[in-house]
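This is what each chain is made of:
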Number of protein chains: 2
Amino acid sequence: MPKEGVSIQVIRRLPRYYRYLSELEAQGVEKISSTKLASVMSSTASQIRQDLNCFGGFGQQGYGYSVAGLREEIGKILGLDRPHNTILIGAGNLGRAIATHLNFEKLGFKLTAIFEKDERLIGTTLRGITVLPDEEIEQYIKENKIDTAILTMPKEAVENLIDKLYHCGIRSYWNFSHYDIAKKYEDVVVENVHLSDSLMTLRYMMNQP
Amino acid sequence: MPKEGVSIQVIRRLPRYYRYLSELEAQGVEKISSTKLASVMSSTASQIRQDLNCFGGFGQQGYGYSVAGLREEIGKILGLDRPHNTILIGAGNLGRAIATHLNFEKLGFKLTAIFEKDERLIGTTLRGITVLPDEEIEQYIKENKIDTAILTMPKEAVENLIDKLYHCGIRSYWNFSHYDIAKKYEDVVVENVHLSDSLMTLRYMMNQP
């Protein structure tokens, strides 16, 4: 069980542990020391031990970590074993990339529907899912158990739609737009992906000696 | 001029300042106090003053910040006024989304070429740029002044290509794959975008009370 007040920095490292452990498991590695895991992940053994201690440890002195066991434990902490139904809104280039690129089921979500306002895209199929018109969002959410939305539309489109989504009960958002959802509604969980901020950060780092 | 040792947290906030100031400028706002800017950005006035002081200030006591002036200064700190030539490798769904979604010129880069190994995509046009075969990457980099590559291929493809890119002189990478470039080469600048980590983080946050 996670202890109270685990820092966001530690939490953001958990998916990375999960990812590396999944790879090690796929390679047939059964157990690993914190030193070896640190080397694989370009981290330090003490960082790894500290991070995992936030969730109660898992290692055995002199043995190291069971790769499969630790992967499973971290998966449970992340909640990957209990997938939530999610809808994707926006089937343009970015939406298509997101829909086809990610293995939602392994990441704690089940993508059940895709919505779009552009008539040319409605009726097309993505990941075996037929793209529906935006007008059907409200009814769909009400009739299905949906609590998460992935937003790949521009800021203005999110601004226009957010009240409806919130009032239908959507409380968690994977947000690719620059619209600040958490500012409008306090009782929501939002993970923002600001691609342009990331690119500007790269440009900044290129200046540094 | 940035002072020595500005933390990565502060640096990661700079693009966000730039983005909000650009919006305020577009709305015709000429000057703004740190308190008002904090309110717009869901930040605090003291955080903003502290952050900007890392780069020498810019505000005037009792006047606040000039929106256009501060945007321009932050743009210079980020290096947006000196765009670098970049190539995109991978014209699949993710590459297409990246190529069409972002305004590279405003983000400090100039996208000059796109490469792909899938023959069905070679010769198609993205953002007015004809997609070229992977085999031409080396020659293209040598004949043009390219120092940055955007990688939207899978991990294995990056693993196979990275030595060639490095030896052609590419030293900065916007990396969407899970391949750890900085582990292989120390004298490179890498900004990783791990979409699956972001989605897992959202799933974790949904568990929290």
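Residues numbered from 1 in each chain as written. Chains lettered and ligands numbered in written order. Predicted model: local features only at pLDDT ≥ 70, side-chain atom pairs only at ≥ 80, totals over all residues. Heavy atoms only, no water.

### With respect to helix α1 (residues 8-26) of chain A
For step 1, the next point in the chain: Between the first and last C-alpha of α1 of chain A there are 28 Å, a value that for 19 residues agrees with the 27 Å anticipated at 1.5 Å per step.
For step 2, the next point in the chain: Taken together, the buried positions of α1 of chain A are Val 10, Ile 11, Leu 14, Pro 15, Tyr 17, Tyr 18, Arg 19, Tyr 20, Leu 21 and Leu 24 of chain A.
For step 3, the next point in the chain: Residues of α1 of chain A that are buried in the fold lie against β1 (31-32), α2 (34-40), α3 (45-53) and α4 (67-78) of chain A together with α9 (195-207) of chain B.
For step 4, the next point in the chain: Two residues or fewer after α1 of chain A comes Gly 28 of chain A, characterised by a positive phi angle close to 85°. (Helix = DSSP H or I, 4+ residues; strand = E, 2+ residues; numbered from the N terminus. Expected span 1.5 Å × (residues − 1). Buried < 20%, exposed > 50% of the residue type's maximum accessible area, 1.4 Å probe, protein only. Contact = heavy atoms within 4.5 Å.)

### A word on the pattern of salt bridges
Residue and element names in this part refer to chain A.
For step 1, the next point in the chain: Applying the stated rule across the entire model yields 26 salt bridges over all chains.
For step 2, the next point in the chain: Residue Glu 138 is joined to Lys 142 by a salt bridge in which the shortest nitrogen-to-oxygen separation is 3.7 Å. Placement of the pair is Glu 138 and Lys 142 together in helix α6 (residues 137-143), with a separation of 4 residues, close to one helical turn.
For step 3, the next point in the chain: The exposure class assigned to Glu 138 is partly exposed, which follows from its relative accessible area of 31%.
For step 4, the next point in the chain: Within the structure, one salt-bridge network assembled from shared partners comprises Glu 138, Lys 142 and Lys 164. (Salt bridge = Lys/Arg side-chain N within 4 Å of Asp/Glu carboxyl O.)

### A short note on the nonpolar core
For step 1, the next point in the chain: With 102 residues, the main nonpolar core has Trp 174 of chain A together with Trp 174 of chain B as its most contacted residues.
For step 2, the next point in the chain: Ignoring any residue separated from it by four or fewer positions in sequence, one finds Trp 174 of chain B in contact with Leu 195, Ser 198, Leu 199 and Leu 202 of chain A together with Ile 98, Leu 102, Ala 149, Ile 150, Leu 151, Glu 191 and Val 193 of chain B. (Core = buried A, V, L, I, M, F, W, Y, C linked by side-chain atoms within 4.5 Å.)

### Some thoughts on the interface of chain B and chain A
For step 1, the next point in the chain: The interface is formed by 61 residues belonging to chain B together with 61 residues belonging to chain A.
For step 2, the next point in the chain: Run the count over chain B and chain A and you get 4 salt bridges.
For step 3, the next point in the chain: At the boundary of chain B with chain A, the tally comes to 34 residue pairs in polar contact (both at pLDDT 80 or more).
For step 4, the next point in the chain: Of all the secondary-structure elements, those providing two or more residues to the side of chain B that touches chain A are α1 (8-26), α2 (34-40), α4 (67-78), α5 (93-101), β8 (172-175), β9 (189-192) and α9 of chain B.
For step 5, the next point in the chain: In terms of residue count, the dominant contributor to the side of chain B that touches chain A is α9 of chain B (13 residues).
For step 6, the next point in the chain: Of the residues that constitute the side of chain B that touches chain A, the class distribution is 31 nonpolar, 17 polar and 13 charged. (Polar contact = N/O pair within 3.5 Å; in protein donor to acceptor, adjacent residues only side chain to side chain. Nonpolar A, V, L, I, M, F, W, Y, C, P; charged D, E, K, R; others polar.)

### Quick look at the side chain of Ser 172 of chain A
For step 1, the next point in the chain: Checked against the element boundaries, Ser 172 of chain A lands in strand β8 (residues 172-175).
For step 2, the next point in the chain: Filtering out sequence-adjacent residues up to four positions away, Ser 172 of chain A remains in contact with Asp 147, Thr 148, Ala 149 and Val 189 of chain A together with Leu 202 and Met 206 of chain B.

### Comments concerning the sheet that holds strand β7 (residues 148-151) of chain B
One key point about sheets: their strands pair by backbone hydrogen bonds, in either a parallel or an antiparallel sense.
For step 1, the next point in the chain: Taken in spatial order, the 7 strands of this open sheet run β5-β6-β4-β3-β7-β8-β9 (chain B), and their pairing is mixed. A strand with exactly one partner marks an edge of an open sheet, and here the two such strands are β5 (125-126) and β9 of chain B.
For step 2, the next point in the chain: Bridge count for β5 of chain B against strand β6 (residues 129-133) of chain B is 2 bridges, and the pairing is antiparallel. Directly across from Leu 126 of chain B, in β6 of chain B, lies its bridge partner Ile 129 of chain B.
For step 3, the next point in the chain: Seen against the sheet, helix α9 (residues 195-207) of chain A touches β3 (84-89), β4 (109-116), β7, β8 and β9 of chain B and runs at an angle of roughly 170° to β9 of chain B.
For step 4, the next point in the chain: Each of β3, β7 and β8 of chain B is contacted by helix α7 (residues 155-167) of chain B, which is oriented at about 160° to β8 of chain B, the strand it contacts most. (Pairing = 2+ DSSP bridges. Axes fitted to C-alpha atoms, helices over the stretch in contact; angles between N-to-C directions.)

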